[in-house]
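Listed below, chain by chain, are the residues.
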Amino acid sequence: MIDEELKNTKFFERYCLMLDEDKLSHAIMVVCKDGETARRMTTLMVLKLLCDDVCGECSSCVKVLSGTHPDVLVFPEKDNFLVSDASRIQEETNVKPLLGEKKVFILNNFSRSTPQAQNKLLKTLEEPPKNVYFFIWTTDLNSILPTIKSRTQILELERLSDSAIESFLKRECGEASPLAVKSAEGYLGKALSFQKDESFMADYKLAVSIIRDMKTSKDVLSYASKFSEKLNFENRLNILENCFDELLFVNMGDVEGSALEGLEAEYNQFTVAKIFERINLAKKQFKANCNLGLIADSLLLGILEEKYLCK
Ligand SMILES: [Zn+2]
């Protein structure tokens, strides 16, 4: 499957332009804090190099996507890039491509490589045979030797927009929770882990239910007992805070399809500001090792109070 969201970025547009104008270096280094985003973008760039339409259906595209293209070799063979990987690459650059005219080396997560391995690769990067391309991606440019950097074309990948993240999640997971979109901060890997993390989603649903359905002091007790479970307590506080943040945007009409719609009458912006203060207090109490049950009780009771004062 082609990642359309990445195809629509300025980054990819610039890359296509470089190809068109024949300004592409034989060694590209993609830099992105999020490995999943970098990996997928690198795949897309290789697809484009071998199939101008990036059709996703021709035999070249299918082989690249399934990792079976004989002229696209992926390293490292194990977890980290080692001297042995660099040696294999050196040998392989001298073997002619089998299917087309180009030979491509993808070097995944290159920040996880030893200086020795990087040094060993240097010579190959300096004088590669014709039609050999290197696509290296890294999450951390600081861990790359200056000599390697100077021999590659460094391209920094920007964050994606929330709408791109949303459409990516819908395609990849069948649904996109607003919270996963927001928490992803523009990175595909983060988006996926938030969307797939069941405890995260359960905590999100709990927070939404607290905001929507908590009406009596009896409710407070039952919600507080769920909320005060020891595991992930601090995350739960953050998620609750994010939900109130989301609620503000929903109230302003900036978010559609949120589980927090229709609560304008119960929480205005002043109410939410006071609730933020209470959440901050709860965070301090948590850091001071106060009893989780007591923190949750007083926080949720406080939220209920603010909600009634608002009415
Ligand atoms: Zn194709």
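**A look at helix H10 (residues 188-196)**
An α-helical segment advances 3.6 residues per turn. Residues three or four places apart therefore align on the same side.
Alright, step 1. Inspection of H10 places Leu-188, Ala-191, Phe-194 and Gln-195 among the buried residues, and these make up the whole buried set. Projected down its long axis, H10 carries its buried residues within an arc of 130 degrees, all on one side.
Alright, step 2. The elements touched by buried residues of H10 are helix H3 (35-50), helix H8 (162-173), helix H9 (178-183) and helix H11 (198-213).

**Regarding the nonpolar core**
Alright, step 1. Core analysis: the biggest nonpolar cluster contains 40 residues, and Val-46, Phe-134, Phe-135 and Ile-136 have the highest contact counts within it.
Alright, step 2. For this core, the secondary-structure elements that each account for two or more residues are strand S1 (27-31), H3, helix H4 (59-66), strand S2 (72-75), helix H5 (83-93), strand S3 (103-107), helix H6 (115-126) and strand S4 (132-138).
Alright, step 3. The element best represented in this core is H3, accounting for eight residues.
Alright, step 4. Residues in contact with Phe-134, not counting those within four places in the same chain, are His-26, Ala-27, Ile-28, Phe-105, Leu-107 and Leu-125.
Alright, step 5. Counting 38 residues, the second largest nonpolar core, distinct from the first, contains Ala-164, Leu-169, Ala-176 and Val-250.

**Describing the domain arrangement of the protein chain**
Alright, step 1. Domain annotation of the protein chain identifies domain 1 (4-158) and domain 2 (197-310).
Alright, step 2. Using only C-alpha atoms to locate each centre, domain 1 and domain 2 end up separated by 45 Å.

**Here we look at the pairing of S3**
Alright, step 1. Extensive coverage of S3 is indicated by the burial of five of its five residues.
Alright, step 2. Judged by which residues are buried, S3 turns out to be covered on both faces: Lys-103, Phe-105 and Leu-107 on one side and Val-104 and Ile-106 on the other are all buried.
Alright, step 3. Pairing of S2 with S3, which is carried by four bridges, proceeds in the parallel orientation. What sits directly across from Phe-75, in S3, is Leu-107.
Alright, step 4. Viewed along the sheet, the connection from S2 through H5 into S3 turns out right-handed.
Alright, step 5. Pairing of S3 with S4, which is carried by five bridges, proceeds in the parallel orientation. Among the inter-strand pairings, Ile-106 is bridged to a residue of S4, identified as Phe-135.

**Considerations on helix H15 (residues 292-310)**
Alright, step 1. With 19 residues, H15 ought to run about 27 Å at 1.5 Å a step, and its terminal C-alpha atoms sit 27 Å apart, in line with that.
Alright, step 2. Where H15 is buried, its residues meet H11, helix H12 (217-227) and helix H14 (269-287).

**A short note on the environment of Pro-115**
Alright, step 1. Within the element layout of this structure, Pro-115 appears in helix H6.
Alright, step 2. For Pro-115, a count of 11 C-beta atoms within 10 Å translates into the label exposed.
Alright, step 3. Separated by 29 residues in the primary sequence, Pro-115 and Ile-144 place their C-alpha atoms 8.1 Å from one another.

Cut-offs and rules
- Residues numbered from 1 in each chain as written.
- Predicted model: local features only at pLDDT ≥ 70, side-chain atom pairs only at ≥ 80, totals over all residues.
- Buried ≥ 20, exposed ≤ 12 C-beta atoms within 10 Å, placed from the backbone.
- Helix = DSSP H or I, 4+ residues; strand = E, 2+ residues; numbered from the N terminus.
- Arc of directions from axis to C-beta.
- Contact = placed C-beta atoms within 7 Å.
- Core = buried A, V, L, I, M, F, W, Y, C linked by C-beta atoms within 7 Å.
- Domains from an automatic or database assignment.
- Pairing = 2+ DSSP bridges.
- Right-handed = clockwise from strand over helix to strand, strands pointing away.
- Expected span 1.5 Å × (residues − 1).

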